[in-house]
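Each chain, written out:
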There are 2 protein chains.
Amino acid sequence: MAPRVLVIGGDAAGMTAASAVNRLVDDVEVVVLERGTYTSYSACGIPFWIGGEIDSCDDLVARTPEQHRERGIDVRLESTATGVDVDARTVTYTDAAGEHTLAWDRLVVGTGAASVRPDLPGIDATGIHTIKDIDDGHAVLDALDGDVRRAVVVGSGYIGMEMAEAFAGRGLRTTVIERESTPLPIVEDHIGEVIAEAMGRFGVELVTEAEVTGFGTSDGRVTSVQTAEGEHEADIVVVAFGVTPRSSLLPDAQKGMKDGFVTDDQQRLTGLDDVWSAGDCVVTLDRLTGDLVHVPLGTHANKQGLVAGESIAASLGATWSGRTFPGIVQTAITKFCDLEIARTGLGEQQARDAGFDPVVTTIETTTRAGYYPGTESMHGLGIADRSTRRLLGVQVAGGAGSGLRIDAAAMALWNGLTVDELVMTDLSYAPPFSSVWSPIQVVARALTKELAAGTGRPA
Amino acid sequence: MAPRVLVIGGDAAGMTAASAVNRLVDDVEVVVLERGTYTSYSACGIPFWIGGEIDSCDDLVARTPEQHRERGIDVRLESTATGVDVDARTVTYTDAAGEHTLAWDRLVVGTGAASVRPDLPGIDATGIHTIKDIDDGHAVLDALDGDVRRAVVVGSGYIGMEMAEAFAGRGLRTTVIERESTPLPIVEDHIGEVIAEAMGRFGVELVTEAEVTGFGTSDGRVTSVQTAEGEHEADIVVVAFGVTPRSSLLPDAQKGMKDGFVTDDQQRLTGLDDVWSAGDCVVTLDRLTGDLVHVPLGTHANKQGLVAGESIAASLGATWSGRTFPGIVQTAITKFCDLEIARTGLGEQQARDAGFDPVVTTIETTTRAGYYPGTESMHGLGIADRSTRRLLGVQVAGGAGSGLRIDAAAMALWNGLTVDELVMTDLSYAPPFSSVWSPIQVVARALTKELAAGTGRPA
């Protein structure tokens, strides 16, 4: 009988693993249990769909359940795994027909993450949403069909910022409430201030240093968001407090930050035989600090799913590609209206916590040669370690073309470059694209100046 | 008496060196001899000025002679160096007042490069231009004031392509004549075909595999460009056959490709004491092959000028930054109308010539997530070494956002990454910017597939 590979979760990580196994192993049964009704969709695209930039959620689906089935994968929708018996090698799950038990030879846990719903008075009122999957998107779009004029977004991470843009773009009066002093806490305050300025320019109200204490309701519908400093009227609310790994199915597995699963570099769960995990439910190695961190992004889920699938295939006799997941450097990119924002590496506090002696500097440059038409302002921030002169982090915010600059910095971090080495790398230059020094090298040069300050050494 | 640093050439390399010396050494005399009337200008911007995208050539000047003088640099314009006596440590030069001799303690040769003017019948006719400095730009703009309707560009390197865009943008019927089978010979044919398609779309006629044999003239004015296959009527012609280093001032210096000066990694001329050189007149180390190559780009000129200036300052007692010029990986970027084009590393033949066993593959992807509004087509080509699996080169052409992708590939080459390593690096992803696999990683994945073909190893 063909071995059975059972995959829990039909999104990026799970379906990538399932597809790899199905492609690489001749005689294998691949079964996928998916709670919802979609597979392989881009969760990252949901705010843009709500904002109307993307017409249909179908556009977000890279491969439908039918397409997976045509390739021989047994996709079971609306099937929720309820328990895993690692010793007996079974999974129990429920669907419309009731509860079932399924045996497995290899297990992939791709359960993803769940939106954080803070335990605040009124949180269960109608009109309060979180954004994680396509059903969440339908719920918001249904709500927007009603008489909805005032939106409040609580939290200004990626999802918060993207939802603020989506609401404002639909003509709602939109307020963002953030606990910290600047928006998008994954960037330093200096970059946050650039974002705050853009929010003002695009008519989104920003309330900072405000702790949400509860929600005003009327007839079970949300009417306001309450903070210690005052109340913000709201017809619709998105709570964007981030996500936590869904890891409760395996209570005995080793867990790290936010209870995410700990895996080896082939995505095998530590301490459990023949169980792999990938995507938003795992923690990953930060290459700069050596810490295991929880960074739920589709790009990691896809890579980890591929690694897991190839590793499983090898365990079933296929030739192994040798591919492992080497960790991350916390690269991320987003936009708010016409402002592109990206980061890679560590923030100042992260660097200090990891034992580095961070030197921080900021620069302002242009997206093209200063004299070239269409050039726009671009802000940068760099962090380096004082003793080793190693680059630790770069953050940028600016006009078109700013965001993708982060990739050069990410590659510098990946390879452990010093700021001096980065200054001299061979990055592209032509007037429609850049000043003669790439913005990332402008950051690196500013860091050499900061490192030289007071030392008598030129920079 | 303060030591005198004499700089021949007042453009990027020379003025960067002069400025560094002036900044870092307390008691020094810095004299710059410049043939023309401008300093520190962006030669790369000249085609865009001719095309009308930039209003004035003044916009191209980063720092005027007056600004340099205010900082204490003795800039002498319209002063042409005619000889260097390395033993006597003197330079002779001519200006309006006649010939002069100037002693130096340290010499910088920043003489740049000269446009190649092929020895063809009719080449000296009025209306035939080359494009290298601001005076060339004025000459073309003056010519365009007349009754000029048909432009022919001979050669389709950067300058040729940019001038074709400039002429077409001004409404001239424009033809590009190229010896090879596809335009822009610094990219492989596959990418060249994408460019050829864009030229057709923008109404620029492309004639390939055509050798120019001479120029038709009437009353000393050009009337056509002649090839073995036929004649192309022309009111104005740009000959864009590239440039050669201006290195004749120092006949005894060691020279490399195209007679460019050979320097050490502090830009000191090999075999000559106290003489430095930087910019378009030197050859530079290709980090992938170990060869010395001539790559005349402003980005290298600026970096080399900085290295030279700091090295000179150190020789005069200043603390040395430790900065050296580490070589290049032949990164370059340009655009033709709305098509962005970039390359880094080696082409297939270059790789073969350098002793690698190149594997080549091409991909087509999108500039944003496939479902995101405004996504455009993007073509990529990758080259890897079969035995080491090391990345050797990447080339791209596509819509907005394609070009700068090359920087991630350039950093991968810089650090000697294999294609397998590149696939797993942490590059940025969000739907407005990318598919979940960055285009450079799509290229790398395609290379792993190509490398696996026939080996039984998955990719």
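Just so we're clear, the structure is a prediction, and the values are computed from it rather than from any experiment.

K.L.:
Give me the sheet that holds strand β24 (residues 377–385) of chain B: which residues, what numbers.
P.N.:
Residue and element names in this part refer to chain B. Pairing within the open sheet is antiparallel, and its five strands lie in the order β21-β22-β25-β24-β23. Of all the strands in the sheet, just β21 (332–336) and β23 (358–366) have a single pairing partner and so form its edges. Within this sheet the neighbouring strands show an average axis-to-axis angle of 15°, counted without direction. Two elements, β21 and strand β22 (residues 339–345), share five bridges in a ladder whose sense is antiparallel. Bridging from a neighbouring strand, A332 pairs with R343 of β22.

K.L.:
Residues and numbers for the interface of chain A and chain B, please.
P.N.:
Contacts between the two partners involve 68 residues from chain A and, on the opposite side, 67 residues from chain B. Together chain A and chain B conceal approximately 5900 Å² of surface at their shared face, both sides included; 67% is due to carbon and sulfur atoms. Here chain A and chain B share two salt bridges between them. Note that D407 of chain A is salt-bridged to R405 of chain B, the shortest N-O span being 3.7 Å.

K.L.:
I'd like a rundown of helix α5 (residues 158–169) of chain B, residues and numbers included.
P.N.:
Each full turn of the α-helix corresponds to 3.6 residues, which orients residues three or four apart in the same direction. All names here are of chain B. A rise of 1.5 Å per residue sets the reference length of α5, with its 12 residues, at 16 Å; its end C-alpha atoms lie 16 Å apart and thus fit the reference within 8%. Along α5, the residues that are buried comprise G160, M161, E162, M163, A164, E165, A166 and F167. Phi turns positive, to about 90°, at G171, one or two residues after α5.

K.L.:
Kindly report on the UniProt feature "domain: Pyridine nucleotide-disulphide oxidoreductase dimerisation" (unreviewed entry) in chain A, identifying the contributing residues and their values.
P.N.:
UniProt feature "domain: Pyridine nucleotide-disulphide oxidoreductase dimerisation" (unreviewed entry): in the numbering of this structure it lies at residues 332–436 of chain A. Summarising residues 332–436 of chain A: 19% helix, 36% strand, and an end-to-end C-alpha distance of 25 Å.

K.L.:
Tell me what's going on with the packing of helix α1 (residues 12–24) of chain B against helix α7 (residues 298–315) of chain B, and back it up with residues and numbers.
P.N.:
Residues and elements named next belong to chain B. Across the interface, α1 lies against α7 with an axial gap of 7 Å and an inter-helix angle of 35°. As for the relative orientation of α1 and α7, their crossing is right-handed in sense. Facing α1, whose interface residues are A12, A13, T16, A17, A20, V21, R23 and L24, α7 presents A301, N302, G305, L306, A308, G309, E310, I312 and A313. Classifying every residue of the contact of α1 with α7 by side-chain character gives 11 nonpolar, four polar and two charged.

K.L.:
With reference to specific residues and values, describe the domain arrangement of chain A.
P.N.:
All names here are of chain A. Domain parsing of chain A yields domain 1 (4–40 + 62–112 + 244–315), domain 2 (117–239) and domain 3 (339–449). Here the C-alpha centroids of domain 1 and domain 3 sit 36 Å apart. The interface of domain 1 with domain 3 comprises four residues on the first partner and eight residues on the second. Around 520 Å² of area is buried between domain 1 and domain 3 when both sides are counted, 67% of it from carbon and sulfur atoms. Its largest share of buried area at the contact with domain 3, domain 1 owes to R287, L288 and T289, together 93% of the area lost on that side. On the surface where domain 1 and domain 3 come into contact, there are zero salt bridges. Where domain 1 meets domain 3, there are one residue pair in polar contact (both at pLDDT 80 or more). In terms of residue class, the side of domain 1 that touches domain 3 is built from one nonpolar, one polar and two charged.

K.L.:
Quick one: what's the story with the nonpolar core, residue by residue and with numbers?
P.N.:
Membership of the largest hydrophobic core comes to 188 residues, with the highest contact counts inside it found for F167 of chain A together with F167 of chain B. Not counting residues within four places of it along the chain, the set of residues in contact with F167 of chain A comprises V140, L144, A151, V153, L172, T174, I236 and V238 of chain A.

K.L.:
Break down the sheet that holds strand β12 (residues 205–207) of chain A for me, citing the residues and quoting the values.
P.N.:
The five strands lie next to each other as β9-β16-β10-β11-β12 (chain A), forming an open sheet whose pairing is parallel. Both outer strands of the open sheet, β9 (128–129) and β12 of chain A, are each paired with one neighbouring strand and no more.

K.L.:
Please provide a residue-by-residue account of empty space enclosed by the protein, values included.
P.N.:
Residues and elements named next belong to chain B. Enumeration according to the criterion identifies two cavities of 30 Å³ or more in this entry. In this structure, the largest cavity occupies an estimated 40 Å³ of space. What lines the largest cavity is simply P47, F48, G51, E53, E162, E165 and A166. Residue assignment for the lining of the largest cavity shows that the elements contributing at least two residues are α2 (46–50) and α5. Sorting elements by how many residues they give to the lining of the largest cavity places α5 first, with three residues. Two domains each put at least three residues into the lining of the largest cavity: domain 1 (4–111 + 244–315) and domain 2 (117–239).

Procedures and definitions
Residues numbered from 1 in each chain as written. Chains lettered and ligands numbered in written order. Predicted model: local features only at pLDDT ≥ 70, side-chain atom pairs only at ≥ 80, totals over all residues. Heavy atoms only, no water. Pairing = 2+ DSSP bridges. Helix = DSSP H or I, 4+ residues; strand = E, 2+ residues; numbered from the N terminus. Axes fitted to C-alpha atoms, helices over the stretch in contact; angles between N-to-C directions. Contact = heavy atoms within 4.5 Å. Buried area = accessible area lost by both parts, 1.4 Å probe. Salt bridge = Lys/Arg side-chain N within 4 Å of Asp/Glu carboxyl O. Expected span 1.5 Å × (residues − 1). Buried < 20%, exposed > 50% of the residue type's maximum accessible area, 1.4 Å probe, protein only. UniProt positions renumbered as here; feature names shortened; annotations may be inferred. Left-handed = near helix turned anticlockwise from the far one by under 90°. Nonpolar A, V, L, I, M, F, W, Y, C, P; charged D, E, K, R; others polar. Domains from an automatic or database assignment. Polar contact = N/O pair within 3.5 Å; in protein donor to acceptor, adjacent residues only side chain to side chain. Core = buried A, V, L, I, M, F, W, Y, C linked by side-chain atoms within 4.5 Å. 1 Å grid on protein atoms, 1.4 Å probe; cavity = no way out; pocket = protein on both sides within 12 Å on 5 of 7 lines; lining within 4 Å. Points joined across faces, edges and corners; volume = space filled by probe spheres on them.

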